[in-house]
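Single-letter residue listing:
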Amino acid sequence: MKRTVVICGDCGEKELTSEIVRACSENGGALVCDGDRIYSTCEEPYFLIFSVCTLSDLYIPDCIVVLGKALLQIRDDIDLSGNICIIDGENSDSIRFAAAVKADVIGCSMSGHDSLTVSSFGEDGTAIITLRRSIDTSCCHIEPCEFRVKRKENNNIYPLLASCAVLMLGGRLTENST
């Protein structure tokens with residue numbers, strides 16, 4: 001089963017979209033619809049990725065919704081029930097939005113309140129990512145764990161954590177991943 005990812009509110013440089021597309025491309029491939037561009041990173045991609053600046057309705061069950069910083073053009077009365085929402089736990093707009101749409105949420109940040117965080121950085125360009133609590137969805141159950149991932153130099157924490165959450169929910173990132 002392919003996993004659908006909708007990235008909302010990642011405008012401008014699109015660092016969040018770039019990081020998620022890169023991670024998905026390396027872990028099963030992606031078919032990407034990003035504004036005026038549609039492309040595939042391999043012949044049979046596992047992930048379907050849509051990156052939008054505006055969103056008024058979403059009718060895709062079991063979808064992974066990743067929130068960026070620019071949420072003003074996303075309707076806050078949109079029905080995201082049945083979907084999983086990945087948010088930046090340090091972005092108050094994302095927190096308010098996720099509460100308003102009553103979505104299942106995975107918070108990602110360096111905060112002690114969020115489910116997914118970085119526990120350490122290695123000198124070899126890696127990061128140890130920690131899932132602090134179990135995640136139960138209609139498509140998977142993931143127990144708390146740690147895993148090592150490669151990271152780009154000077155990238156922000158949220159795009160790294162959000163891409164890890166997408167890969168975990170897609171069954172493409174496990175404790176044995178690198």
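What counts and what doesn't
Residues numbered from 1 in each chain as written. Predicted model: local features only at pLDDT ≥ 70, side-chain atom pairs only at ≥ 80, totals over all residues. Heavy atoms only, no water. Phe/Tyr/Trp six-rings, centres within 6.5 Å; stacked < 30°, edge-to-face > 60°. Buried < 20%, exposed > 50% of the residue type's maximum accessible area, 1.4 Å probe, protein only. Lys NZ or Arg CZ within 6 Å of the ring centre and 35° of its normal. Helix = DSSP H or I, 4+ residues; strand = E, 2+ residues; numbered from the N terminus. Expected span 1.5 Å × (residues − 1). Disulfide = S-S within 2.5 Å.

Here the focus is the packing of aromatic side chains. What the rule picks out here adds up to one aromatic pair. With a centroid separation of 5.0 Å and 85° between ring planes, the pair formed by Y46 and F47 is classed as edge-to-face. As far as the burial class goes, Y46 and F47 line up, both buried. A cation over a ring is seen here: R172 above Y46, with NZ or CZ 3.8 Å from the ring centre.

Let's shift gears to unusual backbone geometry. Although it is not a glycine, K14 adopts a positive phi angle of roughly 55°. Mapped onto the elements of the fold, K14 is located in the loop between β1 (3-8) and α1 (15-26). On the basis of relative accessibility, which here comes to 17%, the residue K14 falls in the buried class. Although it is not a glycine, D62 sits at a positive phi angle of roughly 55°. Structurally, D62 can be placed in the loop between β4 (47-52) and β5 (64-67).

With 13 residues, helix α3 (residues 157-169) ought to run about 18 Å at 1.5 Å a step, and its terminal C-alpha atoms sit 18 Å apart, in line with that. In terms of burial, α3 is largely enclosed, as twelve of its 13 residues are buried. Every buried residue belonging to α3 is among Y158, P159, L160, L161, A162, S163, C164, A165, V166, L167, M168 and L169, and all of these are buried. G171 sits one or two positions beyond α3 and adopts a positive phi of about 75°.

This part is about the state of the cysteines. Tallied over the full model, the rule gives one disulfide. A disulfide bridge connects C11 with C53, and the sulfur atoms are separated by 2.4 Å. Note that C11 is positioned in the loop between β1 and α1 and C53 in the loop between β4 and β5, a separation of 42 residues in sequence. As a non-bridged cysteine, C85 has C8 as the owner of its nearest cysteine sulfur, 7.7 Å distant. What makes C85 buried here is its relative accessible area of 0%. With no disulfide of its own, C145 has C164 as its nearest cysteine by sulfur position, at a separation of 10 Å. Overall, C145 belongs to the buried group, its relative accessible area being 12%.

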